[in-house]
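Examining the three-dimensional arrangement
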Amino acid sequence: MNEHYLKCQSAINEFLAKKFQTEEEIWDFFIRNSSSLLGSIVATFFEADEKKRTLLIKNSIGPVGEDIKGISFGYEGIVGWCADTKNPIIVNDVETDNRFSKKMDFSSGFKTKNILAVPCVVDNELLGIIEFVNSLNGEFSETDLALATTLASFVSQKVYIARLRGTINKINLKGESTINNLSGGFIGVDLDKKIIFFNPKAQEIFEVGDEYLNKNIMDLMELCPEIVNVIGDVLKQDKIVRRQDFKVSINGKDKIIGYSSMNIKGVEGENMGAGMIFQDITHL
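One structure accompanies this document, and this report is about it. Keep in mind it's a predicted model, so treat the numbers as computed, not measured.

The next thing to look at is the overall build of the protein chain. Each helix and strand in the protein chain was counted, giving eight helices and 11 strands. For the protein chain, with 284 residues in total, the buried portion stands at 42%. Long-range contacts, defined as pairs at least 24 residues apart, comprise 51% of the intrachain contacts of the protein chain with a sequence gap of at least 6. About 15900 Å² of surface is accessible on the protein chain, with carbon and sulfur atoms providing 49% of the total.

Shown next, in the form of structure tokens:
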């Protein structure tokens, strides 16, 4: 195994062992550890907004790291070129490169000598740029570039997945809130026949608590076999009914339940289960 592979594997293993609460913690941990691996004095993560073509300094370590956090600017300088092209770059003598902008050095008092910058890209979406400044070895090497690119790709994938999970959780919470606030009862099961929805109105109508949540639908047989039959028909035969009713005895009280059944669909229209929405129409 070569040194590049061992460094990558060690960094990835350390990253996987950590538990992060926020995306900012992920980037901060990444730039601190990768800066140590590459031997750079400064490491910065620039969050990208491709529509506005701007970069925002979200995390930075080094002599002026805290001073420059929160600064936003358009695509300019070497990091701007990296963002625009989505290509990694090494510039070991910034004074001879016309892409280099002296604005940050001028405002911070820091002296930039060399730069290694890599884009953080997932499915052609630019999340940001990681920039390493002033190598302790005098200059950055192609091995440094390969290491930084590999690690940036890995962390970008993790951040992107975390964002997707966050979006899905928000959608699920919004959907759950909507279901819980329905004026009618709703019971839903997933494709494994596990009860994933038993909203407050359903609990009220059947005079139970939330004890059926996460149980198998067959556990409802004693409570109301009609529910099992209705939802089972959707799961097994894709049989959807509209505005039907059945009679049921609940704690010695006869009730008439008006209901409709349905498929439960995912965000992209995939089938995720079956449900029944209903009301107590005994006195209607």
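This part is about the pairing of strand 2 (residues 54-61). Consecutive side chains along a regular strand alternate between the two faces of the sheet. With seven bridges connecting them, strand 1 (residues 40-49) and strand 2 associate as antiparallel partners. Looking at the pairing, Phe46 lines up with Ile57 of strand 2. Hairpin geometry of strand 1 and strand 2 is characterised by an intervening segment of four residues between the two adjacent antiparallel strands and by a positive phi of about 55° at Arg53. By the bridge criterion, three bridges tie strand 2 to strand 3 (residues 72-74) in an arrangement that is antiparallel. Across the sheet, the residue bridging to Leu56 is Ser72, located in strand 3.

What follows deals with the sheet that holds strand 7 (residues 185-190). The strand order 8-7-11-10-9 describes an open sheet built from five strands, whose pairing is antiparallel. The open sheet has two edge strands, strand 8 (195-198) and strand 9 (244-250), and neither has a second partner. Across the sheet, the axes of successive neighbouring strands diverge by a mean angle of 25°, strand direction being ignored. One ladder, built from seven bridges, connects strand 9 with strand 10 (residues 253-265); its direction is antiparallel.

Turning our eyes to something else, we now look at the environment of Ile129. Following the sequence through the fold, Ile129 ends up in strand 6 (residues 125-135). On the accessibility criterion, Ile129 (0% relative accessible area) is buried. Separated by 83 residues in sequence, Ile129 and Phe46 place their C-alpha atoms 5.0 Å apart. In this structure Ile129 touches Thr44, Phe45, Phe46, Leu55, Val79, Cys82, Ala83, Ala117, Val118 and Pro119, once residues within four positions along its chain are discounted.

We now examine the environment of Phe206. One can find Phe206 in helix 7 (residues 200-206). Look at Phe206 and you get buried, because its relative accessible area is 1%. Sequence-wise, Phe206 and Val248 are 42 residues apart; in three dimensions their C-alpha atoms are separated by 9.5 Å. In this view, Phe206 contacts Leu223, Cys224, Ile227, Ile250 and Phe278; residues no more than four positions away in its chain are not counted.

Our next topic: the nonpolar core. Ile187, Phe198, Phe206, Leu220 and Phe278 are the most contacted members of the largest nonpolar core, which totals 27 residues. Those elements that place two or more of their residues in this core are strand 7, strand 8, helix 7, helix 8 (225-237), strand 9, strand 10 and strand 11 (271-280). Among the elements that line this core, the one with the most residues is helix 8, at five residues.

Turning next to the pattern of salt bridges. This model, assessed by the stated rule, comprises 12 salt bridges. Between Arg32 and Asp28 there is a salt bridge, and its shortest N-O distance comes to 3.0 Å. Of this pair, Arg32 and Asp28 both sit in helix 2 (residues 23-38), four residues apart, which is roughly one turn of the helix. Lys103 is paired through a salt bridge with Glu76; the nearest N and O atoms lie 3.3 Å apart. On the criterion of sequence distance, the pair formed by Lys103 in helix 5 (residues 103-108) and Glu76 in the loop between strand 3 and helix 4 (77-85) is long-range, its members being 27 residues apart. Put simply, Glu207, Lys253, Lys255 and Asp280 are held in one network by salt bridges that share partners.

The six strands are arranged 3-2-1-6-5-4 in an open sheet whose pairing can be described as antiparallel. Of all the strands in the sheet, the pair left with one neighbour each is strand 3 and strand 4 (89-91). If you compare each strand with its neighbour and ignore which way they point, the axes differ by 25° on average. Most of the contacts of helix 2 go to strand 2, to which it runs at about 65°, and overall it touches strand 1, strand 2, strand 5 (115-122) and strand 6.

In this structure, Lys86 takes a positive phi of about 60° despite not being glycine. Mapped onto the elements of the fold, Lys86 is located in the loop between helix 4 and strand 4. Taking the relative accessible area as the measure of exposure, Lys86 reaches 21% and is therefore partly exposed. Phi is positive for Asn214, close to 70°, though the residue is something other than glycine. Summarising the element assignment, Asn214 is placed in the loop between helix 7 and helix 8.

Conventions used here
- Residues numbered from 1 in each chain as written.
- Predicted model: local features only at pLDDT ≥ 70, side-chain atom pairs only at ≥ 80, totals over all residues.
- Heavy atoms only, no water.
- Helix = DSSP H or I, 4+ residues; strand = E, 2+ residues; numbered from the N terminus.
- Buried < 20%, exposed > 50% of the residue type's maximum accessible area, 1.4 Å probe, protein only.
- Contact = heavy atoms within 4.5 Å.
- Areas by Shrake-Rupley, 256 points an atom, 1.4 Å probe, with all protein chains shown as cover.
- Pairing = 2+ DSSP bridges.
- Axes fitted to C-alpha atoms, helices over the stretch in contact; angles between N-to-C directions.
- Core = buried A, V, L, I, M, F, W, Y, C linked by side-chain atoms within 4.5 Å.
- Salt bridge = Lys/Arg side-chain N within 4 Å of Asp/Glu carboxyl O.

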